[in-house]
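Remarks on the overall topology
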Amino acid sequence: MKRIRVLLADDHPLVLAGLRSLLETECEVVGVVNDGRSLVEEALRLKPDVMVVDIGLPLLNGLDAARQVKKELPDTRILFLTMHDNPAYLKDALAAGASGYVLKTSAREELLGAVQDAARNRIHVSPGFGEQIVEQFERHPRSVSASHSILTGRQREILQLVAEGRTAKEIADLLNISLQTVAFHKYQIMNKLGLRTTAELTKYAIQEGLILP
Amino acid sequence: MKEGDRRIRILLADDDLLMLAALHELLRPDFEIVDMVSDGSSLVDAAFKFRPDLIVSDISMPKLNGIEAARQIRDSLPNIKFIFLTMHANLAYRNAASELGASGYVLKSSAPEELAQRVRDAFTPVL
């Protein structure tokens, strides 16, 4: 039987190394990355069967990275790994096309089982959420967080980078766009959200779960 | 104890079970893992039962946090060494750990080699 090819993303190197050796007992880990932008690049290059992704990644959070990958590679399965047992995150994860949502408090066997399920296109959610959230989601898949209906994908990316404290120059370099374009996006985000300062934008990004407090 | 005579015996504690399994995989090739626990009071019990050379423990754990568990163990088993593992750089934790005479304080954002190195350092005699 062919081993499942996994791409792994977590921003804590010690955790990443541990998860890698844990997954390697049953899968082929084709790559490991520390941030959301590298996750998108490596996913497009390596075309893994399953991506195991921490939600709180720097530069581009796991959910938005997953959305970008899903657009290009709809068959890649995504399994989120998180410390949050907040149902709002679970809904967002399912809306981003997730095949699974595993809490870091889960046992090793659960993670390995969830990877198998994902590869077979079955949804796995850690016990404790109850089936009702998954069922609710299947009935009303559009109940996602507010910023999705207001901001474009690009604007959410820029909002996260601003909230991480990056300068306009750093953002321009990262996204390969001009300084003026960054300023224009930031102006549009503030306008749409009715916010006036970078501090207010940061607070909003935390509320929306784009970055961790 | 001299390294090389026998493998260093380690007890692991973290309430995050995936992290625990991950630590086990990381340390297993070089050290003997005697047990794994996920709360502070089980850590105290396991320390008395297995008398490990060293304990690698998360700080925030249910029932009894890692620092408090270490205090209780230290009182009766002063030879056990401790390395604390934590998600966040927190000065109060770091101070509490060094007051206890911990051999190390390692962030989960550290490089994986750092943890194994700290374990070895704990048993390297100071000349």
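Use the structure listed above.
Residues numbered from 1 in each chain as written. Chains lettered and ligands numbered in written order. Predicted model: local features only at pLDDT ≥ 70, side-chain atom pairs only at ≥ 80, totals over all residues. Heavy atoms only, no water.

As a further point, take the packing of helix H1 (residues 13-23) of chain A against helix H1 (residues 17-27) of chain B. Angle between the axes and distance between the axes: these two values describe a pair of packed helices. One way to put it is that H1(A) packs onto H1(B) with a least axis distance of 8 Å and a crossing angle of 80°. With respect to H1(B), the axis of H1(A) lies roughly perpendicular. Side by side, H1(A) and H1(B) meet where A:Leu14, A:Val15, A:Ala17, A:Gly18, A:Leu19, A:Ser21 and A:Leu22 of the first sit next to B:Leu18, B:Met19, B:Ala21, B:Ala22, B:Glu25 and B:Leu26 of the second. By residue class, the composition of the contact of H1(A) with H1(B) is 10 nonpolar, two polar and one charged. (Axes fitted to C-alpha atoms, helices over the stretch in contact; angles between N-to-C directions. Helix = DSSP H or I, 4+ residues; strand = E, 2+ residues; numbered from the N terminus. Parallel < 35°, antiparallel > 145°, perpendicular 65-115°, else oblique. Contact = heavy atoms within 4.5 Å. Nonpolar A, V, L, I, M, F, W, Y, C, P; charged D, E, K, R; others polar.)

Contacts between chain B and chain A engage 19 residues on the former and 20 residues on the latter. A buried area of about 1,500 Å², summed over both sides, lies between chain B and chain A, and 76% of it is on carbon and sulfur atoms. Sorting the residues of chain B by area buried against chain A places B:Leu18, B:Glu25 and B:Met87 first, and these three jointly supply 38% of that buried surface. Here chain B is connected to chain A by five residue pairs in polar contact (both at pLDDT 80 or more). The class makeup of the residues in the side of chain B that touches chain A is 13 nonpolar, two polar and four charged. (Buried area = accessible area lost by both parts, 1.4 Å probe. Polar contact = N/O pair within 3.5 Å; in protein donor to acceptor, adjacent residues only side chain to side chain.)

With that settled, consider the packing of helix H10 (residues 179-193) of chain A against helix H11 (residues 198-207) of chain A. All names here are of chain A. Relative to each other, H10 and H11 sit at 70°, their axes nearing to 11 Å. Classified by the angle their axes make, H10 and H11 are roughly perpendicular. In this structure, H10 meets H11 at a crossing whose hand is left-handed. Contacts between H10 and H11 involve Lys186, Ile189, Met190 and Leu193 from the first element and Thr198, Leu201 and Tyr204 from the second. Residues belonging to the contact of H10 with H11 are distributed by class as follows: five nonpolar, one polar and one charged. (Left-handed = near helix turned anticlockwise from the far one by under 90°.)

One finds A:Leu23, A:Val52, A:Leu111, A:Val115, B:Ile10 and B:Leu115 to be the most contacted residues of the largest nonpolar core, which totals 43 residues. In terms of residue count, H1(B) provides more of this core than any other element does, seven residues in total. Setting aside its immediate chain neighbours within four residues, A:Leu23 contacts A:Val6, A:Leu8, A:Val29, A:Val52, A:Leu111, A:Leu112 and A:Val115. Counting residues in each nonpolar core, the second largest holds 28 residues, with A:Val53, A:Ala66, A:Ala93 and A:Ala96 among its members. (Core = buried A, V, L, I, M, F, W, Y, C linked by side-chain atoms within 4.5 Å. Buried < 20%, exposed > 50% of the residue type's maximum accessible area, 1.4 Å probe, protein only.)

All names here are of chain A. With six of six residues buried, strand E4 (residues 77-82) lies mostly within the body of the structure. Two strands pair when backbone bridges link them, and strand E3 (residues 50-54) and E4 are joined in this way by five bridges, in the parallel orientation. Note on E4: the bridge partner recorded for Val53 is Phe80. For the crossover that starts at E3, traverses helix H3 (residues 62-72) and ends in the parallel E4, the hand is right-handed. Note: E4 against strand E5 (residues 100-103), four bridges, orientation parallel. Within E5, the position partnered with Phe80 by the bridge is Tyr101. Taken together, E4, helix H4 (residues 87-95) and E5 form a β-α-β motif whose crossover is right-handed. (Pairing = 2+ DSSP bridges. Right-handed = clockwise from strand over helix to strand, strands pointing away.)

Moving on, we get to the sheet that holds strand E1 (residues 9-13) of chain B. Residue and element names in this part refer to chain B. One open sheet accounts for five strands, arranged E2-E1-E3-E4-E5; its pairing is parallel. Looking along the sheet, the strands with just one partner apiece sit at the ends: strand E2 (32-37) and strand E5 (104-107). Along the sheet, successive strands turn relative to each other by an average axial angle of 20°, direction set aside. For strand E4 (residues 81-86) and E5, the ladder comprises four bridges, and the chain directions are parallel. The partner of Thr86 across the bridge, within E5, is Leu107. Contacting E1, E2 and E4, H1 crosses the sheet at an angle of about 160° to E1.

To continue, consider the side chain of A:Asp54. Residue and element names in this part refer to chain A. With respect to the helices, strands and loops of the structure, Asp54 is situated in strand E3. Residue classification places Asp54 among the buried residues on the basis of a relative accessible area of 8%. Not counting residues within four places of it along the chain, the set of residues in contact with Asp54 comprises Ala9, Asp10, Asp11, Gly62, Leu81, Thr82 and Lys104.

Quick look at H10(A) now. Residues and elements named next belong to chain A. Across its 15 residues, H10 extends 21 Å between first and last C-alpha, which sits within 8% of the 21 Å expected from 1.5 Å per residue. Among all positions of H10, only Val182, His185, Ile189, Met190 and Leu193 are buried. Along the axis of H10, the buried positions cluster into a sector of 135°, meaning they face one direction only. What points out from H10, more than 90 degrees from its buried face, is the exposed set Gln180, Tyr187 and Asn191. Gly194 lies just past H10 and shows a positive phi near 70°. (Expected span 1.5 Å × (residues − 1). Arc of directions from axis to C-beta.)

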